[in-house]
Amino acid sequence: MVTITINGKKMQVEEGTTILKAAAAAGMPVPSLCYLKEINEIGACRVCVVEVKGVARLVTACNNLVQNGMEILTNSPRVRQARRTNVELILSQHNSSCTSCVRGGNCSLQRIANDLGIYASEYTKVIPKKHWPVSFPLIRDSSRCIKCMRCLQICDKVQDLHVWDIAKTGSRATVGVSHNLQITEADCAICGQCLTHCPTGALRERDDTLKLLSAQGAFADPEKVTIVQVAPAVRAAWGEELGLTREEATPKRLVAALKALGFDYVFDTDFGADLTIMEEGSEFLERLNHRDDYKFPMFTSCCPGWVRFLKSQYPEMTGQLSTAKSPHQMQGAVTKTYIAEKFGIDADRIFNISIMPCIAKKQEAEIPNINDSGHGRDVDLVLTTREIARMIRADHLDVKNLAEEEFDDPFGTGSGAGVIFGATGGVMEAALRSCYYLVTGKNPYPDAFYMVRGMEGWKEACFDINGITLHVAVVSGLGNARKLIRAIQNGEVQYDFVEVMACPGGCVGGGGQPIHDGEELAEERGENLYFLDRSNDLRFSHENPKILQIYEEFLEKPLSHMAHELLHTDHHGWKMPGEEKTE
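Not measured: the values here are computed from a predicted model.

Novice: Teacher, can you tell me more about the sheet that holds strand E11 (residues 265–268) here?
Specialist: The strands that make up a sheet pair up through hydrogen bonds in the backbone, lying either parallel or antiparallel. Taken together, the four strands give an open sheet; going across it, the order is E11-E10-E13-E14, and neighbouring strands pair in parallel fashion. Unpaired on one side and paired on the other, E11 and strand E14 (381–384) mark the two borders of the sheet. Averaged over all pairs of adjacent strands, the angle between strand axes in this sheet comes to 25°, irrespective of strand direction. Across six bridges, strand E10 (residues 225–230) lies against strand E13 (residues 350–356) in parallel orientation. Paired with Val 228 across the strands is Ile 353, a residue of E13. Against the sheet, helix H8 (residues 269–289) contacts E10, E11 and E13, and its axis sits at roughly 40° relative to E11.

Novice: Explanation requested: the environment of Met 298 in the structure shown.
Specialist: Checked against the element boundaries, Met 298 lands in strand E12 (residues 298–299). Residues Met 298 and Thr 318, 20 residues apart in the sequence, show an inter-C-alpha distance of 10.0 Å. Look past the residues within four positions of Met 298 in its chain and what remains in contact with it is Glu 280, Glu 283, Phe 284, Arg 287, Gln 320, Ser 322, Asp 496, Phe 497 and Val 498.

Novice: What am I meant to see in helix H4 (residues 150–158) here?
Specialist: Since the α-helix packs 3.6 residues into each turn, any two residues three or four apart lie on the same face. Within H4, seven of the nine residues are buried, which leaves the element mostly enclosed by the surrounding structure. By the burial criterion, the buried members of H4 are Arg 150, Cys 151, Leu 152, Gln 153, Ile 154, Cys 155 and Asp 156. Tucked into the core, H4 has its buried residues touching strand E7 (164–167), strand E8 (174–177), helix H5 (193–196) and strand E9 (203–205). Directly after H4, the chain includes Asp 160, whose backbone phi takes a positive value near 55°.

Novice: I tried to follow the packing of aromatic side chains on my own but got confused; where do I start?
Specialist: Ring pairs (aromatic) are described by centroid distance and by the angle formed between their planes. This model, assessed by the stated rule, comprises 13 aromatic pairs. Ring geometry for Phe 267 against Phe 411: centres 5.2 Å apart, planes inclined by 65°, an arrangement best described as edge-to-face. Of this pair, Phe 267 sits in strand E11 while Phe 411 sits in the loop between helix H12 (385–394) and helix H13 (416–419), placing them 144 residues apart in sequence. Taking relative accessible area as the criterion, Phe 411 reaches 1% and is therefore assigned buried. Ring centres 5.3 Å apart and planes at 70° place the aromatic pair Phe 299 and Trp 306 in the edge-to-face group. With respect to class, Phe 299 is no different from Trp 306; both count as buried. Counting every residue linked through ring pairs, the aromatic cluster contains Tyr 265, Phe 267, Phe 271, Tyr 338, Phe 343, Phe 411 and Phe 554. Looking at Lys 311, its charged tip hangs above the ring of Trp 574, at a distance of 4.7 Å from the centre.

Parameters and conventions
Residues numbered from 1 in each chain as written. Predicted model: local features only at pLDDT ≥ 70, side-chain atom pairs only at ≥ 80, totals over all residues. Heavy atoms only, no water. Pairing = 2+ DSSP bridges. Helix = DSSP H or I, 4+ residues; strand = E, 2+ residues; numbered from the N terminus. Axes fitted to C-alpha atoms, helices over the stretch in contact; angles between N-to-C directions. Contact = heavy atoms within 4.5 Å. Buried < 20%, exposed > 50% of the residue type's maximum accessible area, 1.4 Å probe, protein only. Phe/Tyr/Trp six-rings, centres within 6.5 Å; stacked < 30°, edge-to-face > 60°. Lys NZ or Arg CZ within 6 Å of the ring centre and 35° of its normal.

Shown next as structure tokens:
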């Protein structure tokens, strides 16, 4: 321990502690813009400067360590003036039209500028502008970039994709796509981790809400039947931007809000997750039974960011992906076939909307060969958790006092196994629960496969099912996925089945989830999903009565001809930019 003094308050902190952390522990936190613990500690923004007695220059608190006897002033006149000047310089190259910014009211730069009382500046504004393809699911607005480098560091150190790089020099320096490419030419996974770690509105998702809300939108067309489905991870986060507690932000209250917005039917993607387990679990057992015909491990395919990563970085392993579509795409396909027939609706009138924690699913829904219902796109529109929260705010709904409503049948019933799809390890656990049943004819203890849970970036386990030893692994974060694949290629590890999610912590930490700068809530949201699993009377996908019903009435059985037509896809049927270049 070392003894230091912060603003006249003497305290002891552990040796090796940063000034930033020590000040926070003292109850006198220092503001910062670029800092991300263990990821971006470069002092780029200069907002966290403090004064250390005996040191001539001001020092950055985020990357300087305390020393015994150090006396620190976090808000001296000199510090206040320097901090104000530094923020004013940032604002001189920043588009400050906060009323038209997606991060208005949730922007670290806006908050700090207001805290410092900066309402005008003497510096001339020079705002950079750069063309960006507005059709791409991830939008970058260079006029709002503050050059903090967070996006670059997240992509490099966590996701290991190196999509971003520094462009130009001096005051013109900014962030651009690596190798001077357009984003449409880059091997971006569209995971959105750069977006959720951006402190301003420089990165955002493509806003698709007007396709519903405009005069030409689906809500305004009396011929359209709007059917919305809600992903498992959304229920763990949707209330955060609306000021709701977890007890208030129930799935049923979200249903009520969606009905109030004007959606005709509200379905639960937990049903699609259960359907995915039936198909993907059966496919895995089929591959095991014909092991000589396949390469192992089999990889899960429900995360489009991961699929994009594998196809761009290791295209030779694309055939090891499960052919099962993601849950919302399966549900979209059966909605425009099975549901259309069951409800007596012309399938061409159905407008399918998915509310997802993910921006990669916006691109996934646009892949031509993933749409098999024969009625246009199986999923017509994908909205993020943030977009639906903005729609609820725009309609001034008093969500807290809305009476809860049930999801609509028959896609309103989902198992606990479907719920945990949103957390890392959840897909694997759900699959193993049903695989055990499909092999033995009896259910395992529902929590028998708990070893695949948790926030570790790479987990592995062995399970015995009726004398068959299965070696499985679970990975979240694309940097961890690369480490795992390299270990497989080098012969260091061998697995039968591997779950990969692009975002750390799984979909609960997805690129479309609410943003809380400086907070990582994937673990807390994931625990909420496991609570919902434990609270569910149904814990197994194969026991969902609506799943049994759709197979009996329409699909016949897992891996049937109809199931292959609607629920499976060919991952070789479309190309990533890197794949196109090598042809």
